[in-house]
Amino acid sequence: MTSTSPIPPTDEPWPEAANHPPPEPSASVRVEPLFPPVELPPVGPKGPASWAGRLRSLPARAWRGRPDDPSWARPALLALLAATAVLYLWNISVSGWANSFYSAAVQAGTQSWKAFFYGSSDAANFITVDKPPMFLWPMELSARIFGLGSWSLLAPQALMAVATVATVYATVRRRFSVLGGLVAGAAMALTPVAALMFRFNNPDALLVLLLTLAAYGLVRATETASSRWMVFVGVMFGFAFLSKTLAAFLILPAFAVIHLVVAPTGLWRRVRQVLLGGLALVVSAGWWVAIVELTPASSRPYIGGSQDNSFLSVALGYNGLGRLTGDETGSVGGAGGGGRSGGGGATGHWGSTGITRLFGSDIGGQIAWLIPAALILLLVGLWATRRYPRTDSARTAFLVWGSWLVCTGVVFSYMSGIFHQYYTVALSPAVAALVGMGADGLWRARGRLPYAALLAGVVAVTAVWSYVLLGRSSSFVPWLRWAVLAGGLAVAAALLLAGRLTGRVAAVVGLAGLAAAFGGPTAYALDTVSTAHTGSIVTAGPRVAGGNGFGRGGFPGGAFPGGQRGGRSGGQNGGFQGGSRGALPGGGFPGGMQGLPPGGFGGQNGQNGQGGAGSWRDAGRGGFPGGMGGGGMGGLLNGAKVSSELAAMLKQNAGSYTWVAAAVGSQNQASYQLATGEPVMALGGFNGTDPSLSLAGFQQYVKEGKIHYFIGSGEGGGGGMGMGTGSRFGSGTDSAANSERNGGFMRGGSNSESAQIASWVAAHYTAKTVGGATVYDLTAPTTG
């Protein structure tokens, strides 16, 4: 079978293109196309009858590769995959529980199949995490087989990195050379944010793998107008939805349009195939959604992240359109926008939006190293294939990966809702593939001066941009940015003479160019894998100038949203809406918190408007100044520190209770649950604001003897944001009242169920301090 495009041979500078030449610009002067047409890769037998034979030949095919591969191709690929596995698995336990919020859910899934199915935070199935559960399932199966621990939790994520690199290679190799595939795979493996998230237990690792598989399926589907491969694409998108809801659909419309335009068949068959893929998506994602929505609420856990116990609300609101518009009821900061910023964007709760967002101080070092090169090479690829037939597979490949990069990049640049730096891992396969494909074409055409100049320009731009990014962390390997800059510019100059470079000299120049392009991200990736990353917000690489203040992760733009110290208000400077004048960096909390002085939030005395001990400079070392609960930001960003004394107390007579304790907020709950191995109730879910249980319902559980302890705040626990009982932010109902009066961090306040429960416990039970935590024994009410 032939096509107007797949794979150039690797042992010739240019393949023969006599069968299907693209239109020539001139009849008298024949110009060799940049991406000449070639034969489609061979396709094996189809149908169930062929499965046994294909399985028997799988080891040989895996080692040898395709028949037209040079002898070194498959060993090189296997070496790349082995190196990726070593890089991502090395020292993987350094991050411990990583994001304890999800680690607790994995623990619950190893103890209860019901918790496994729903994604519950605890084995007693009180509340789920705020995502669908598919991303938890590989980790839970691993923990069931090998036992629960950091390695069994994170190793599946690392193996997903290997699978993603292999899929990027395979997709690029469908049309381009082995060299292009290897460059793309290496670029994927060495992306700093990929080295972060494929060693972490958030949903992003599985999301990226599934979307990369969808891109591979689309390339296959558009080669031969295959209905089977379109079904595969739909299933991958469906599974991706069950990993991170609407984040899976950022590239879905573009993929559908691409197949409608380029598939080599009639229009109505193309339409039917897209509809068939859509049906596969609905079935592969809808079965779980239907079960959850049709199951009575009394027979399943509360849906975390929702305000009405509905998964559809989470998928379409809190984890869906709300991320784009900023209208995220129950989320951190609540609804609301922000002021304007430069570059045509805005400054919101989660940093400045606009076309330069991905290149800013917090995000540039995560993903942007090769984005300029990828964009240039995308334009080169589309221009070079502009006169090719509609069904040309080279142009299709550029459309697939280019649409991925542009669509996702634009959404990330302008979304007003919750945005974390690590979200940008979703861009990494597209950036890597475009770099591999474009570099492959230009390297083959380097004998012609215009293409040599283009390649030299790409290398020079990448080297200069790497110099800028490395300069943001000037104390990190300070010589590297100069080496990258000098090496890249030297290679660019040499490429202008590329027509005279042959054999080993050309190979040396090419390797030097790759070293200059990959030097910066490789250094950041190595720093990332050697550093522990824990909590809800994490970043790759070293600290950068103008970066965040919460350890290795945090809010964009500074220690708190907005990042500008002493700003007039959060609405103007990117902090939380209505922030106090000069109180918080870049603004403050919703509603103002007008009594807060500069440099403090509530210290040892715990009174609102009384700075006390601690300042915002302490934010990176355990949360809010003066404490304010357990982990970072009162247990919102990081879990609590659980003493051995408290863990031992919670485990006493644990079998007599459904939950050994209750705590406000899932990060705090997760810490106690992981420390004890027993179910702990997470009141209010992740933010502490979900109406998951009323005061009357909590009182009934206490009356029935189902909950042993309530954990308030202190060094070992957190009462949630502005709702903690006895916290150093405030005391008892005063804290809740102040939170409500001033808008509250999560707009929870005294009217929230969690705050009411905390106040009721403080009024009816005796507090005692155990291992630095404030604990109430719910089996021993106070008298009178």
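Every chain's residues receive numbers from 1 upward, in the order its sequence appears when written. The predicted nature of this model means local features are confined to residues of pLDDT at least 70 and side-chain atom pairs, given and counted, to a pLDDT of 80 or more, with totals for whole chains, interfaces and linings taken over all residues. Side-chain metrics rest on all non-hydrogen atoms present in the structure, leaving aside hydrogens and water.

*Asks:* Teacher, can you tell me more about the overall build of the protein here?
*Replies:* Of the regular secondary structure elements, the protein holds 27 helices and eight strands. Per-residue accessibility, obtained with a 1.4 Å probe over protein chains only, is compared with the maximum for each type, and a residue is labelled buried under 20%, exposed over 50%, and partly exposed between these values. Relative to its full complement of 784 residues, the protein shows a buried share of 60%. Whether two residues are in contact is decided by their heavy atoms, any of which lying within 4.5 Å being enough. For the protein, the share of sequence-separated contacts (at least 6 apart) that also reach a separation of at least 24 residues comes to 66%. Just so you have it, the protein exposes about 28000 Å², and 62% of that area is on carbon and sulfur atoms. Only DSSP runs of H or I with at least four residues qualify as helices, and only runs of E with at least two residues qualify as strands; both kinds are numbered from the N terminus onward. In short, Shrake-Rupley with a 1.4 Å probe defines the accessible areas, and a residue's cover is counted only from the protein chains shown.

*Asks:* What's the story with the packing of helix H6 (residues 150–173) against helix H9 (residues 204–224) in this structure? I'm lost.
*Replies:* Geometry of a packed helix pair, given as the angle between the helix axes and the separation of the axes. Only the contacting stretch of a helix is used when fitting its axis, a line to C-alpha atoms as for every element, and angles between N-to-C directions run 0 to 180 degrees. Here H6 crosses H9 at 20 degrees, and the two axes come no closer than 9 Å. By the angle between their axes, H6 is roughly parallel relative to H9. In the crossing of H6 with H9, the sense of the turn from one axis to the other is left-handed. Here Gln157, Met160, Ala163, Thr164, Thr167, Val168, Ala170 and Thr171 of H6 come into contact with H9, specifically with Ala205, Leu206, Val208, Leu209, Thr212, Leu213, Ala215, Tyr216 and Val219. Considered class by class, the residues forming the contact of H6 with H9 number 12 nonpolar, five polar and no charged. By definition in this entry, angles of less than 35 degrees are roughly parallel, angles greater than 145 are roughly antiparallel, angles of 65 to 115 are roughly perpendicular, and the rest are oblique. Definitions for this section: a left-handed crossing has its near helix turned counterclockwise from the far helix by less than a right angle. A right-handed crossing has that turn clockwise. Under this grouping Gly is polar, as are all residues other than the nonpolar Ala, Val, Leu, Ile, Met, Phe, Trp, Tyr, Cys and Pro and the charged Asp, Glu, Lys and Arg.

*Asks:* Hey, could you run me through the environment of methionine 197 in this one?
*Replies:* In this fold, methionine 197 is placed in helix H8 (residues 192–197). Look at methionine 197 and you get buried, because its relative accessible area is 0%. A C-alpha to C-alpha distance of 8.7 Å links methionine 197 and alanine 540, two positions 343 residues apart in sequence. Once residues lying within four places of it in the same chain are set aside, the contact partners of methionine 197 are Asn202, Asp204, Ala205, Tyr422, Val425 and Val538.

*Asks:* Would you mind showing me how to read the packing of aromatic side chains here?
*Replies:* The rule is short: rings of Phe, Tyr and Trp, with Trp giving its six-membered ring, pair when the centres are within 6.5 Å, and they are stacked under 30 degrees, edge-to-face over 60, tilted in between. Overall, the coordinates contain 34 aromatic pairs when judged by the stated rule. Where tryptophan 369 meets tyrosine 524, the ring centres are 4.9 Å apart and the plane angle is 75 degrees; that geometry is what we call edge-to-face. Of the two residues, tryptophan 369 sits in the loop between helix H14 (364–367) and helix H15 (371–384) while tyrosine 524 sits in helix H20 (residues 503–529), which places them 155 residues apart along the sequence. Just as tryptophan 369 is buried, tyrosine 524 falls in that class too. Taking 5.4 Å as the distance between ring centres and 20 degrees as the angle between the ring planes, the aromatic pair formed by tryptophan 401 and tryptophan 404 counts as stacked. One end of the pair is tryptophan 401 and the other is tryptophan 404, both in helix H16 (residues 393–414) and three residues apart, which spans about a single turn. Each member of the pair tryptophan 401 and tryptophan 404 is classed as buried. Taken together, Trp113, Phe116, Phe117, Tyr118, Trp137, Phe241, Phe249, Trp287, Trp288 and Phe311 form an aromatic cluster joined through their ring pairs.

*Asks:* Whenever I open this one, the confidence of the model for the protein confuses me. Can you help?
*Replies:* Detailed reading of the predicted coordinates is not advisable wherever pLDDT falls low. Residue-level confidence of the predictor is what pLDDT reports, using numbers from 0 through 100. Chain-level statistics for the protein give a pLDDT mean of 80 and a share of 74% at 70 or above. Low pLDDT (under 50) marks residues 334–342, which in the prediction has 31 contacts with non-local residues, meaning those over four places away or in another chain. Ignoring residues within four places in sequence, the model shows residues 715–750, a span with pLDDT below 50, making 136 contacts including any to other chains.

*Asks:* I would appreciate a short explanation of the pattern of salt bridges in the present structure.
*Replies:* Oppositely charged side chains can pair when the atoms bearing their charge come close. By salt bridge we mean one thing: a side-chain nitrogen of Lys or Arg within 4 Å of a carboxyl oxygen of Asp or Glu. Counting across every chain of the model gives eight salt bridges. Linking arginine 66 and aspartate 68 is a salt bridge whose minimum nitrogen-to-oxygen distance equals 3.3 Å. Owing to a relative accessible area of 15%, arginine 66 belongs among the buried residues under this scheme. Here glutamate 704 makes a salt bridge to lysine 706, at a shortest N to O gap of 3.3 Å. Taking relative accessible area as the criterion, glutamate 704 reaches 43% and is therefore assigned partly exposed.

*Asks:* Would you mind showing me how to read the side chain of serine 752 here?
*Replies:* Looking at where serine 752 falls in the secondary structure, it is placed in the loop between helix H26 (732–741) and helix H27 (753–764). For serine 752, a relative accessible area of 6% gives the class buried. N or O atoms closer than or at 3.5 Å make up a polar contact, with two conditions inside protein: a donor-capable atom paired with an acceptor-capable one, and, for residues adjacent in sequence, both atoms drawn from side chains. For serine 752, the side chain forms a polar contact with the main-chain nitrogen of alanine 755, separated by 3.2 Å.

*Asks:* Explain the pairing of strand E4 (residues 659–664) here, please?
*Replies:* Consecutive side chains of a regular strand alternate in pointing toward one face of the sheet and then the other. Across the six residues that make up E4, a large majority, six, are buried. The sheet contact formed by E4 and strand E5 (residues 680–683) spans four bridges and is parallel. Each bridged residue has a counterpart across the sheet, and for valine 664 the counterpart in E5 is leucine 683. By definition, the crossover connecting two strands over a helix is right-handed if that path, from the first strand to the second, turns clockwise as seen with the strands pointing away from the viewer. Crossover handedness for the path E4 to helix H24 (residues 666–676) to E5: right-handed. Should DSSP find at least two bridges between two strands, the strands are regarded as paired.

*Asks:* Sorry if this is basic, but what is going on with helix H12 (residues 267–294) here?
*Replies:* Because an α-helix packs 3.6 residues into every turn, residues spaced three or four apart end up facing the same way. For H12, with 28 residues, the first-to-last C-alpha span of 38 Å sits near the 40 Å given by 1.5 Å per residue. Throughout, the bend at a residue refers to the angle made by two axes, fitted to the seven residues ending there and to the seven starting there. The axis of H12 is deflected most strongly, by about 45 degrees, at glycine 286. If you check which residues of H12 are buried, you get Arg270, Gln273, Val274, Gly277, Ala280, Leu281, Ser284, Ala285, Trp288, Val289 and Val292. Any helix carries an expected span of 1.5 Å times its number of residues minus one.

*Asks:* Would you explain a nonpolar patch on the surface in this entry?
*Replies:* On the surface, Ile355, Leu375, Val406, Val410 and Tyr414 cluster together into a nonpolar patch covering about 410 Å² of accessible area. In this structure, leucine 375 sits in helix H15. For leucine 375, a relative accessible area of 35% translates into the label partly exposed. Like-charged residues are merged into a patch within 9 Å and nonpolar side chains (Val, Leu, Ile, Met, Phe, Trp, Tyr) within 5 Å, provided each residue has over 30% relative accessible area and no salt bridge.

*Asks:* I would appreciate a short explanation of the environment of proline 781 in the present structure.
*Replies:* Take proline 781: it is sitting in strand E8 (residues 773–781). Contact partners of proline 781, with chain neighbours within four places excluded, come to His764 and Tyr765.

*Asks:* Just checking my understanding: could you explain the packing of H9 against helix H10 (residues 227–244) for this structure?
*Replies:* Following both chains from N to C, one finds H9 and H10 inclined at 165 degrees, their axes separated by 8 Å at the closest point. Looking at the two axes, H9 sits roughly antiparallel to H10. Pair H9 / H10 crosses with left-handed handedness. Packed against H9, whose contacting residues are Asp204, Leu206, Leu207, Leu210, Leu211, Leu213, Ala214, Tyr216, Gly217, Leu218, Arg220 and Ala221, the element H10 presents Trp229, Met230, Phe232, Val233, Met236, Phe237, Phe239, Ala240, Ser243 and Lys244 at the interface. In terms of residue class, the contact of H9 with H10 is made up of 17 nonpolar, two polar and three charged.

*Asks:* Quick question: what am I supposed to make of the side chain of arginine 270 here?
*Replies:* With respect to the element layout, arginine 270 can be found in helix H12. Salt bridges are absent for the buried arginine 270, whose nearest opposite-charge side chain, aspartate 392, sits at 15 Å. When near neighbours in sequence (up to four residues on either side) are disregarded, arginine 270 contacts His259, Leu260, Val261, Ala263, Thr265 and Arg390. The convention is simple: Lys and Arg are positive, Asp and Glu are negative, and His and the chain ends are not counted.

*Asks:* Looking at this model, I keep getting lost on the pairing of strand E7 (residues 765–770). Mind explaining?
*Replies:* Here E7 pairs with E8 via five bridges, running antiparallel. Paired with lysine 768 across the strands is valine 775, a residue of E8. The turn linking E7 back onto E8 is made up of two residues, and glycine 771 within it adopts a positive phi angle of 55 degrees.

*Asks:* Any chance you could explain unusual backbone geometry here in plain terms?
*Replies:* If you check the backbone angles, asparagine 125 has positive phi at about 65 degrees while not being a glycine. Within the secondary structure, asparagine 125 sits in the loop between helix H4 (113–118) and helix H5 (136–146). Judged by relative accessible area, asparagine 125 falls into the buried class, the value being 12%. A positive phi angle is found at asparagine 309, which is not glycine, with a value near 65 degrees. Here asparagine 309 lies in the loop between H12 and helix H13 (311–325). Of the residues examined, asparagine 309 reaches a relative accessible area of 16% and is grouped as buried.

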